[in-house]
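# Examining the three-dimensional arrangement
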Amino acid sequence: MNHLRAVPGADPRAPLPPRPGSATTVRVEAPGKINLFLSVGAPGPDGYHPLTTVFQAVRLIETVTARSQSRLERGRITLRLEEADARVPADGANLAVRAARLLAEATGVDEGVDLIVRKRVPVAGGMAGGSADAAATLTACNALWGTGLGPEDLQALAARLGADVPFPLLGATAVGHGRGDRLTPLMTRGRYLWVLALASRGLPTPAVFRRFDELTPQPPAALAEACEEMTAALRCGDARALAAGLHNDLQEAALSLRPELADVIATAERAGALRAIVSGSGPTVAALVPDSGSAACVARALETSGPVRGTVRVDAPVAGARMVG
Ligand code: ATP
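It should be emphasised that the depicted structure is a prediction, and the values quoted were computed from it without experimental measurement.

Further remarks concern helix 1 (residues 95-107). End to end, helix 1 covers 18 Å across 13 residues, agreeing with the expected 18 Å (1.5 Å per residue, within 8%). Turning to helix 1, its buried residues are Ala96, Val97, Ala99, Ala100, Leu102, Leu103, Ala104, Ala106 and Thr107. Contacts from the buried residues of helix 1 go to strand 3 (77-81), strand 4 (113-118), helix 2 (129-144) and helix 3 (151-161). Its side-chain oxygen at 2.8 Å from the backbone nitrogen of alanine 96, asparagine 94 defines the N-terminal cap of helix 1. A positive phi of about 75° marks glycine 108, the residue just after helix 1.

Moving on, we get to the domain arrangement of the protein chain. According to the domain assignment, the protein chain contains domain 1 (25-186) and domain 2 (192-316). The C-alpha-based centres of domain 1 and domain 2 are spaced at 24 Å. Listed per partner, the contact involves 29 residues of domain 1 and 38 residues of domain 2. When the buried surface of domain 1 facing domain 2 is broken down by residue, Leu36, Phe37 and Leu38 rank first, second and third, together holding 22% of it. Taken together, domain 1 and domain 2 are joined by one salt bridge. Between aspartate 315 and arginine 59 there is a salt bridge, and its shortest N-O distance comes to 2.7 Å. At the boundary of domain 1 with domain 2, the tally comes to nine residue pairs in polar contact (both at pLDDT 80 or more). Put simply, the parts of the chain that give the side of domain 1 that touches domain 2 at least two residues each are strand 1 (25-40), strand 2 (51-67) and strand 5 (173-177). A class-by-class count of the residues in the side of domain 1 that touches domain 2 yields 17 nonpolar, 10 polar and two charged.

Under the definition given, this model contains one aromatic pair. Between phenylalanine 55 and phenylalanine 167 the ring centres are 4.8 Å apart and the planes differ by 20°, which places this aromatic pair in the stacked class. Of the two residues, phenylalanine 55 sits in strand 2 while phenylalanine 167 sits in helix 4 (residues 166-170), which places them 112 residues apart along the sequence. Directly above the ring of tyrosine 48 sits arginine 179, whose terminal nitrogen or CZ lies 3.6 Å from the centroid.

It is worth spelling out the site of the ligand at this point. Inspection of the region around the ligand gives 17 residues, with Gly126, Ala128, Gly130, Asp133 and Thr205 positioned closest. Contact distances for the ligand include 3.0 Å between a nitrogen atom and a backbone N or O atom of leucine 95. Taking aspartate 133, its side chain carries an N or O atom lying 2.8 Å from a nitrogen atom of the ligand. Out of a free accessible area of 600 Å², the ligand has 75% covered by protein chains.

What the rule picks out here adds up to nine salt bridges. A network of salt bridges, in which partner residues are shared, links Arg59, Arg191 and Asp315.

On to the nonpolar core. Ranked by size, the top nonpolar core spans 38 residues in total, and within it Val113, Leu115, Leu138 and Trp145 carry the most contacts. Secondary structure elements with two or more residues in this core: strand 1, strand 2, strand 3, helix 1, strand 4, helix 2 and helix 3. For this core, the leading source of residues is helix 2, giving nine residues. In this structure, leucine 115 is in contact with Val64, Thr65, Ala66, Ile77, Thr78, Leu79, Arg80, Ala96, Val97, Ala100, Thr137 and Cys141, ignoring residues within four places of it in sequence. Formed by 27 residues, the second largest nonpolar core is a distinct cluster that contains Leu203, Ala268, Ala295 and Val298.

Cut-offs and rules
- Residues numbered from 1 in each chain as written.
- Predicted model: local features only at pLDDT ≥ 70, side-chain atom pairs only at ≥ 80, totals over all residues.
- Heavy atoms only, no water.
- Helix = DSSP H or I, 4+ residues; strand = E, 2+ residues; numbered from the N terminus.
- Expected span 1.5 Å × (residues − 1).
- Buried < 20%, exposed > 50% of the residue type's maximum accessible area, 1.4 Å probe, protein only.
- Contact = heavy atoms within 4.5 Å.
- Polar contact = N/O pair within 3.5 Å; in protein donor to acceptor, adjacent residues only side chain to side chain.
- Domains from an automatic or database assignment.
- Buried area = accessible area lost by both parts, 1.4 Å probe.
- Salt bridge = Lys/Arg side-chain N within 4 Å of Asp/Glu carboxyl O.
- Nonpolar A, V, L, I, M, F, W, Y, C, P; charged D, E, K, R; others polar.
- Phe/Tyr/Trp six-rings, centres within 6.5 Å; stacked < 30°, edge-to-face > 60°.
- Lys NZ or Arg CZ within 6 Å of the ring centre and 35° of its normal.
- Near = heavy atom within 4 Å.
- Areas by Shrake-Rupley, 256 points an atom, 1.4 Å probe, with all protein chains shown as cover.
- Core = buried A, V, L, I, M, F, W, Y, C linked by side-chain atoms within 4.5 Å.

Here's what the structure looks like:
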């Protein structure tokens, strides 16, 4: 493939790369996401479903630390999870390692890196934690290696790693088309408060799409667009209007695989949420609340109800992948 090594400083919007050899450690944070809107079309010949979705980045932050290696061990890409988790591969299958490898191949860098990943996004919760790790790694290695790729090149590499990887690079709130990887940022005002209900077992995304196909053998030819009411609500910072526009075509499939999620939604709404929906392919349920008092009530109600493993209160939107050290 063509090497993408950029002329440092060629793209004025690119983060300034450190002088070669000057940084030995770069730390980058990238957010998890929820889906405010998800419309799913019929799968194409490649088996992928076309989507129209609205992503919002929430304050559940993954941190990737990228370290230069000593001269003796140079050239390998290694990974350590700050807290070991049997569900997360710590080898070449990890999305962070794949991201570093892809950037190295694309730019012709062979110096290697030691990656340390601190996970805060629930694993297999439909919140794209692995994708956030990949986005953070691309940003960190781009700075550590001084490769100086600009936002468009990083977005293109991100899309090759997975449909959900471009969004955590961008952050905030955005509409996604295609597989969800062609992004347009949305103007928003204000902050939104969410209570996330975490399930004890993950729900594999492919299984949810398979059930969607069974339940919806002939999806409408045209994808629904994120309704004007929703984008207007986001522009005005109107949480009640946003609640009315929340929509997820995969919710029925997720509920049919995990019927208990219907109780989670009902519990959150009874306890004061403006609205609660399955986020993306689930099983995380996102409950939009009007204020921090309601957030506490909703969290308490969910935590004392059966099917919830725990809750997290987050505000949104937050920034995409950014260097913090
Ligand atoms: P997806 O929608 O892609 O299934 P998700 O958002 O539901 O993902 P993730 O936590 O991102 O959930 O990861 C799902 C699976 O991806 C994990 O169970 C794990 O096997 C694999 N994986 C690979 N790299 C990572 C990573 N860095 N963090 C978490 N999971 C990873």
